[in-house]
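Commentary on secondary and tertiary structure
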Amino acid sequence: MDKQAAIKYLESRAQDFYKLSDKIWGNAEIRFKEKQSVNDYEAFLKQEGFEVTVGLAGLKTAFSATWGSGKPVIGFLGEYDALPGLSQKAGVAVKESLESEGNGHGCGHNLLGVGALMGAIGFKHYLEENGKSGTVVYFGCPAEEGGSGKTFMAREGCFNNLDAAFSWHPSDYNMMPPGPVLANDSIRYSFIGKASHAAAAPEAGRSALDALELMNVGVQFLREHIPSSARIHYAITDTGGISPNIVQAHASALYQIRAPFAPELEDLYKRLNNIAKGAALMTDTQVEIKFLKGTSNTLLIPALDEIMYKNMCEISNPIAEAKDLDFAYEIVKTQKSPDKLPENAFVLKPMPWNKAGNIPLPGSSDVGDVSWVCPTSQCGTSTWPVGTAPHSWQAVACGKSDFAHRGMLFAGQIIASTAIDVLNNPEVIAKAWEQLKEKTGGSPYHCPIPSEITPDILEAEIT
Ligand SMILES: [Zn+2]
C-alpha cells in the first residue's frame, strides 16, 4: 500500500470524522472544562484500537492515545477548546447566537482536533497495512486558549519521547507558517496601598491606583526601547473600587508580553518588574508580582515543513467540491467591503512557502513549547472563506459546513502523508533534530511557567 491509499482511506472514512467534529462543535467547552469532548475522543480512539490515558500533567482534560510500537514515534497534536461568549448558529451568514452568553468554536478547534486525528489514523492505517514498525501518539491538548495546556504538558515531559510532532490550524488560506508565532508571558501586578478618606485625611492614604497608573505610564515610555517585534499589552483588572472619595487600597493589572524568541522575554519581564517597583516606591505602596503563565515561540523546522508543503501542493484539495460555496461567499460579504470582494470564497492554490521562516506572526500558541522539545511542523488549510478572522462569529458559523469538513479532510491527508514520508526517509528526522539544535542555539527547553503554578492555580487566577 502506498501513500495514495492512506489518502483514499481517509476520504472513505470522512463521514465518521465529520460527525465527531460536529459533536465537538456542539459541546463547545472552554479551557479546562472539555470533559465531554474528551469522552467523545476517548470512545472514538478506543474503537480504533488506541490505548488511551486520560489526565496528564495535572490537566484533567488532557490525554494521550497510543498505537503501535518501535521507532519512529510520531506525535499528532489535537485541540478541542472553545471560546466564551462566541455562541453562534451554524450555517447562517448573520450574527445570531445559539445560546446567549454561550461558548462557540471561534478558533475552529473542533476541526483542529479531528483533522490531527485523521492524520494519526491515516498514518496508523499505513503502518498496519504495510506491517511496518512505528508508534502513533495522538495528544489531546486542552486549554490552548489562555490555558497553555501544551506548555504544562511539555513541562512534565509528555512530548520527550517523540521523534517528530505534527499539527495544523484552520485558516482562510492553505499555507505553511511564514515565520514563528511569538513567545508570550502573562504577569499580574497587584499594588497594595492604604485606604483613607480622600478629603478628610488624604495624607494617611497611599493610593494603589496611583501606583498602577504610574506603572502603565512607565511602560508606555518603555515601548520605544524594546525590539520592534516585541509586544506589551495590559488590562486593568482591579481599579480599587468605585468611590473617588476613598483612597484606593488595591489595584491590579494583567500584563502580556510577547517576543519572537523566548529568551528575549526574560529581559522584558525584568524591565517591567523594575517599572512596577519604581511605581511602588514613588507612591509608598507595595507591589506583588505574580508570573502566571507563558508559551514559547514556535521553532520552524524546514526539513519537515518542506515535506508538508510538498504534500499540500500534491494532494488534490477537496474544497472545490463543497456543496455550500454560496454560503461561504455570503460569509465573505459580511467581512469585506463591496468594492473589495474576491472572485471566489476560497483560494485553492497553496500560498508560496517562505523557506526562510523569517516573518513572525503576531499571535502566540502553546504549540511553541512542543516545538522546543521535538521537531514540529504544522500547516494551515482553508476551512474558512478568505478574510475570515479567527475568534469571530463567522468562524463559528462555518464550523460545521461542508467546506470546513473538506478543509479538515485536506489537513488530515497532508499530515498523514507527511508522517508517512518521514517514516520512509529516516534521514529527515536526523536532519530535523540538527535544525532544532541550531534554532535553540543549544539552549535546553526552559518552561516559561514557573513550577509553583499548576493548572488548577492558573484556572483559579484567570476565571
Ligand atoms: Zn486556535
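The shown structure was predicted, so the numbers you read here are calculated from the model rather than taken from an experiment.

Calculation notes
- Residues numbered from 1 in each chain as written.
- Predicted model: local features only at pLDDT ≥ 70, side-chain atom pairs only at ≥ 80, totals over all residues.
- Heavy atoms only, no water.
- Pairing = 2+ DSSP bridges.
- Helix = DSSP H or I, 4+ residues; strand = E, 2+ residues; numbered from the N terminus.
- Axes fitted to C-alpha atoms, helices over the stretch in contact; angles between N-to-C directions.
- Domains from an automatic or database assignment.
- Contact = heavy atoms within 4.5 Å.
- Buried area = accessible area lost by both parts, 1.4 Å probe.
- Salt bridge = Lys/Arg side-chain N within 4 Å of Asp/Glu carboxyl O.
- Buried < 20%, exposed > 50% of the residue type's maximum accessible area, 1.4 Å probe, protein only.
- Donors = N, O, S within 2.8 Å, 3.2 Å for Na, K, Ca; no water.
- 1 Å grid on protein atoms, 1.4 Å probe; cavity = no way out; pocket = protein on both sides within 12 Å on 5 of 7 lines; lining within 4 Å.
- Points joined across faces, edges and corners; volume = space filled by probe spheres on them.
- Nonpolar A, V, L, I, M, F, W, Y, C, P; charged D, E, K, R; others polar.
- Phe/Tyr/Trp six-rings, centres within 6.5 Å; stacked < 30°, edge-to-face > 60°.
- Parallel < 35°, antiparallel > 145°, perpendicular 65-115°, else oblique.
- Left-handed = near helix turned anticlockwise from the far one by under 90°.
- Expected span 1.5 Å × (residues − 1).

So, about the sheet that holds strand S1 (residues 51-56). Pairing in this open sheet of six strands is mixed, and the strands run S1-S2-S4-S3-S5-S10 from one edge to the other. Each of the sheet's edge strands pairs with one partner strand only, and the pair in question is S1 and strand S10 (376-382). Direction aside, the axes of adjacent strands within the sheet are offset by 20° on average. Pairing of strand S5 (residues 164-171) with S10 involves seven bridges; the strand directions are parallel. Paired with Phe166 across the bridge in S10 is Ser377.

In space, the four strands of this open sheet follow the order S7-S8-S6-S9, with antiparallel pairing throughout. Every other strand in the sheet has two partners, leaving strand S7 (231-238) and strand S9 (286-295) as the edge strands with one partner each. The mean angle between the axes of side-by-side strands here comes to 20°, regardless of whether they run parallel or antiparallel.

Our focus in this paragraph is the domain arrangement of the chain. What the domain assignment lists for the chain is domain 1 (3-181 + 297-440) and domain 2 (183-295). Just the C-alpha atoms count here: the centres of domain 1 and domain 2 sit 37 Å apart. Facing the 15 residues of domain 1 at the interface are 10 residues of domain 2. Roughly 930 Å² of surface becomes buried between domain 1 and domain 2 when both sides are summed, with 55% attributable to carbon and sulfur atoms. If you sort the residues of domain 1 by the area they bury against domain 2, Ser148, Asn297 and Ser364 come out on top, with a joint share of 45%. For the pair domain 1 and domain 2, the interface holds zero salt bridges.

A few words now on the pairing of S10. The buried count for S10 comes to seven of seven residues, which makes it a mostly enclosed element. Here S10 shows two buried faces, one formed by Thr376, Gln378, Gly380 and Ser382 and the other by Ser377, Cys379 and Thr381.

Attention now goes to the coordination of the zinc ion. Every protein donor of the zinc ion is accounted for by Cys107 (SG), His109 (NE2) and His169 (NE2), and the metal-donor separations fall at 2.1 to 2.3 Å. On the primary sequence, the residues serving as donors to the zinc ion are separated as C-x1-H-x59-H. Of this pair, Cys107 sits in the loop between strand S3 (73-79) and helix H4 (109-130) while His169 sits in strand S5, and the two are 62 residues apart along the sequence. Taking relative accessible area as the criterion, Cys107 reaches 7% and is therefore assigned buried. On the basis of relative accessible area, His169 is assigned to the partly exposed category, the value being 24%.

With that settled, the discussion passes to the layout of surface pockets. Its volume calculated, the largest pocket comes out at about 960 Å³. If you go around the largest pocket, you meet 42 residues; those closest to its centre are His169, Val181, Gly363, Ser364 and Ser365. At the level of secondary structure, the elements contributing two or more residues to the lining of the largest pocket comprise H4, S5, strand S8 (250-259), S9 and S10. The residue inventory of the lining of the largest pocket, partitioned by class, reads 16 nonpolar, 18 polar and eight charged. Shared between two domains, the lining of the largest pocket holds at least three residues of each, these being domain 1 (3-181 + 297-440) and domain 2 (183-295). For the second largest pocket, the calculated volume is near 360 Å³. Elements that contribute at least two residues to the lining of the second largest pocket include exactly strand S6 (183-192), helix H7 (262-283) and S9. It is H7 that contributes the most residues to the lining of the second largest pocket, six residues altogether. When grouped by side-chain class, the residues that make up the lining of the second largest pocket number 13 nonpolar, four polar and three charged.

Quick look at the packing of aromatic side chains now. Here a ring pair, both rings aromatic, is described through the centre-centre distance and the interplanar angle of the planes. Tallying each qualifying case throughout the model produces 16 aromatic pairs. Summarising the aromatic geometry, the rings of Phe139 and Phe159 are spaced 4.8 Å apart at their centres and angled 65° between planes, so their arrangement reads as edge-to-face. Taken as a pair, Phe139 in strand S4 (residues 134-141) and Phe159 in the loop between helix H5 (149-155) and S5 lie far apart in primary sequence, 20 residues in all. The pair formed by Phe139 and Phe159 is uniform in burial state, with each residue classed as buried. Consider the rings of Tyr269 and Phe291, whose centres lie 5.2 Å apart with planes at 90°: the pair is edge-to-face. One end of the pair, Tyr269, is in helix H7; the other, Phe291, is in strand S9, with 22 residues separating them in the sequence. Grouping aromatic residues by their ring pairs yields a cluster made of Tyr41, Phe63, Tyr80 and Tyr138.

Contact pair helix H8 (residues 302-314) / helix H12 (residues 402-424): the axes reach a minimum separation of 9 Å and the direction vectors enclose 130°. With respect to H12, the axis of H8 lies oblique. The hand of the H8/H12 crossing is right-handed. Here Leu304, Ile307, Met308, Asn311 and Met312 of H8 come into contact with H12, specifically with Phe410, Ile414, Ile415, Ser417, Thr418, Asp421 and Val422. For the contact of H8 with H12, the class distribution of residues is eight nonpolar, three polar and one charged.

We now examine unusual backbone geometry. The residue after Lys71, namely Pro72, is reached through a cis peptide bond having omega -10°. You can see Pro72 is positioned in the loop between strand S2 (59-69) and S3. The phi angle at Ala28 is positive, at roughly 40°, despite the residue not being glycine. Its identity as a non-glycine residue notwithstanding, Ala57 has a phi of 55°, on the positive side. Structurally, Ala57 can be placed in the loop between S1 and S2.

Here the focus is H12. Along an α-helix, residues three or four positions apart point the same way, because every turn accommodates 3.6 residues. Relative to the 33 Å expected for 23 residues at 1.5 Å per residue, H12 spans 33 Å between its end C-alpha atoms, a close match to the ideal helical length. When you tally the buried positions in H12, you get 22 out of 23 residues, the bulk of the element.

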